[in-house]
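Read off the chains here:
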Amino acid sequence: MSYELTSCKVFADNYESWAGRSTHDWFIKDETKVQVLSNGIILPVKSDSNYSAWSGGVTDNLGNFIAGHIRTRRESDETGQVDKGYNLSDKPKIIEEKVVYCGVAHPHFGHFLTESLGRLWWFLENPDPNIKYAFIAPNDEIKYLDFLMMLGLKKEQITLIKEPTCFSEVIIPEQSTIAYDGFKDKAMKIYDAIRDSVEPKSFDKVYLTRTALPKNFSDGITVNEDYFEAFYRSQGYEIISPEKYSIRDQVAIMAGAKEVACVYGTAGHLILFSHDQVKITILNRFSEGFAIQFWMNQARRANSVWVDVSMNFLPHTHFLSCYLLLPTAQWEEYLKDDGIKLPWDSSLNLKESVFEYIEEWTRLVALFAKKHPKFLETRYRSFTFSNFVEVFSKLIREPINSETKKSLENIFKKNK
């Protein structure tokens, strides 16, 4: 099956990064295999740290690690990756039956969507109602069961492993999605099957907004999205807050949409349930994109548009951060390219937006200093005053050149 890249436009300050990832081929051509293990042991997830790989998964009866959960094929201590087992102090529980190992049921919606469904291609090819499907989870809970039910699984077929358990036979399908690496040939069968289980809604154009989300630092706080929401409303887009809809309705909305726009984040992952050739416009809220959205754009053969509207002049990451969105020079290029005339909106209060951003960012940092000092130290410590001047110069529409940037770096060297 061919997954050739379709059309892509990039309007971004960091053009090389965004364009490079957009045109990268994320299709993993390796065959998606299956392994069958007699007397296999499935271990629940153990997490030693909030920011390191987990242990658990499948081992043989001698304790050799067989399978866990892959987020990247590169050597990594990536959070959420299960790359090792652990020793047992007691003998495992024994169940004389056959199960399919499905990996980690991630508690986060976006990660469940893009990672936790990846082995279920095996169910579509082997729809035996008598076989059980076993998950492991960091919080001993499988959320978002609706996705599994829409795929065709029955509730009694789904099991969560809460204690080390030995099964007479463990079937281990390979993952068809690898979060930070790409997708395999069987991946889209899963999303197509879920999409085709519902009647599509009749919204041709939808804007997936974050403005109705509570101010929760775990999802990040985005300042000024209402400006862009209003723009897309004026262009005939239906404004959708995904969290207000059931999973079935979210899938149905995407199944009917021909054009989708959103701020970069979990909402964009829902195009997995669109039809091929969907147009998706993504407004960037941070400086560099991550593999997940790029590979699903390719997998869905989407016509993608990336627009940089981020004006974050304080340190940030791709999650657990505050983001300031403004109509940037790149936004104006995008409008011009689309034949839309829209001058700088006089209703936008720049000073109020900037103050709100500083206020929310300060609250975030104070919270991290108290509750997550390690995160603050590892993610924000490299930020320098020269970084601040460089980004703030874009805010006032007087960007500095490379020579000035180098001079600033020399002046404000760390520990000078």
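Coordinates for the structure precede this section.
Residues numbered from 1 in each chain as written. Predicted model: local features only at pLDDT ≥ 70, side-chain atom pairs only at ≥ 80, totals over all residues. Heavy atoms only, no water.

J.: Would you explain a nonpolar patch on the surface in this entry?
T.: A cluster of nonpolar side chains, F385, I411 and F412, forms an exposed patch at the surface whose accessible area comes to about 280 Å². Tracing the sequence through the fold places F412 in the segment after α13 (402-411). (Patch = residues over 30% accessible without salt bridge, like charges linked within 9 Å, V, L, I, M, F, W, Y side chains within 5 Å. Areas by Shrake-Rupley, 256 points an atom, 1.4 Å probe, with all protein chains shown as cover. Salt bridge = Lys/Arg side-chain N within 4 Å of Asp/Glu carboxyl O. Helix = DSSP H or I, 4+ residues; strand = E, 2+ residues; numbered from the N terminus.)

J.: Can you help me understand helix α7 (residues 247-256) in this one?
T.: Each α-helix winds once per 3.6 residues, and so residues spaced three or four apart point in a common direction. Most of α7 sits inside the fold, with eight of its ten residues counted as buried. Taken together, the buried positions of α7 are occupied by I247, Q250, V251, A252, I253, M254, A255 and G256. Against the buried residues of α7 lie α2 (109-116), α4 (145-151), α5 (187-195), β11 (205-208), β13 (238-240) and β14 (259-263). (Buried < 20%, exposed > 50% of the residue type's maximum accessible area, 1.4 Å probe, protein only. Contact = heavy atoms within 4.5 Å.)

J.: Honestly, empty space enclosed by the protein in this entry has me stumped. Any pointers?
T.: Unfilled space is identified by rolling a water-sized probe across the atoms. Using the criterion set out here, one finds two cavities of 30 Å³ or more in the structure. Here the second largest cavity defines a volume of roughly 30 Å³. L208, I240, P242, Q250, I253, M254 and L270 are the residues that line the second largest cavity. By residue number, the principal contributor to the lining of the second largest cavity is α7, which donates three residues. Split into classes, the residues belonging to the lining of the second largest cavity amount to six nonpolar, one polar and no charged. (1 Å grid on protein atoms, 1.4 Å probe; cavity = no way out; pocket = protein on both sides within 12 Å on 5 of 7 lines; lining within 4 Å. Points joined across faces, edges and corners; volume = space filled by probe spheres on them. Nonpolar A, V, L, I, M, F, W, Y, C, P; charged D, E, K, R; others polar.)

J.: Could you clarify how one ought to interpret the packing of aromatic side chains in this entry?
T.: Geometry of an aromatic ring pair is reported as the spacing of the ring centres plus the angle between the planes. Enumeration according to the criterion identifies 27 aromatic pairs in this entry. Ring centres of F112 and Y144 lie 5.5 Å apart, and the angle between their planes is 65 degrees; on these two criteria the pair is classed as edge-to-face. Within this pair, whereas F112 is found in helix α2, its partner Y144 is found in the loop between β6 (132-136) and α4, the two being separated by 32 residues in sequence. Taking the relative accessible area as the measure of exposure, F112 reaches 0% and is therefore buried. Ring centres of F147 and F273 lie 5.6 Å apart, and the angle between their planes is 15 degrees; this geometry places the pair in the stacked category. Taken together, the residues span a long stretch of sequence, with F147 in helix α4 and F273 in the loop between β14 and β15 (279-284) at a distance of 126 residues. (Phe/Tyr/Trp six-rings, centres within 6.5 Å; stacked < 30°, edge-to-face > 60°.)

J.: Hey, could you run me through the environment of K394 in this one?
T.: Tracing the sequence through the fold places K394 in helix α12 (residues 385-395). Separated by ten residues in sequence, K394 and T384 place their C-alpha atoms 16 Å apart. Beyond its immediate stretch of four places on either side in the chain, K394 contacts D13, M311 and P399.

J.: Please clarify how the nonpolar core should be interpreted in this entry.
T.: Proteins that are soluble and globular tend to have nonpolar side chains buried together. Of all hydrophobic cores here, the largest spans 71 residues; its most connected members are L117 and F147. Top element by residues in this core is helix α8 (residues 291-299). It accounts for six residues. (Core = buried A, V, L, I, M, F, W, Y, C linked by side-chain atoms within 4.5 Å.)

J.: Explain the pairing of strand β5 (residues 93-104) to me, please; I cannot follow it from the model alone.
T.: Regular strands place their side chains on alternate faces of the sheet. Examined bridge by bridge, β5 and strand β8 (residues 165-173) share six bridges and lie parallel to one another. What sits directly across from I95, in β8, is F167. Here β5 pairs with β6 via five bridges, running parallel. Looking at the pairing, V104 lines up with I136 of β6. (Pairing = 2+ DSSP bridges.)

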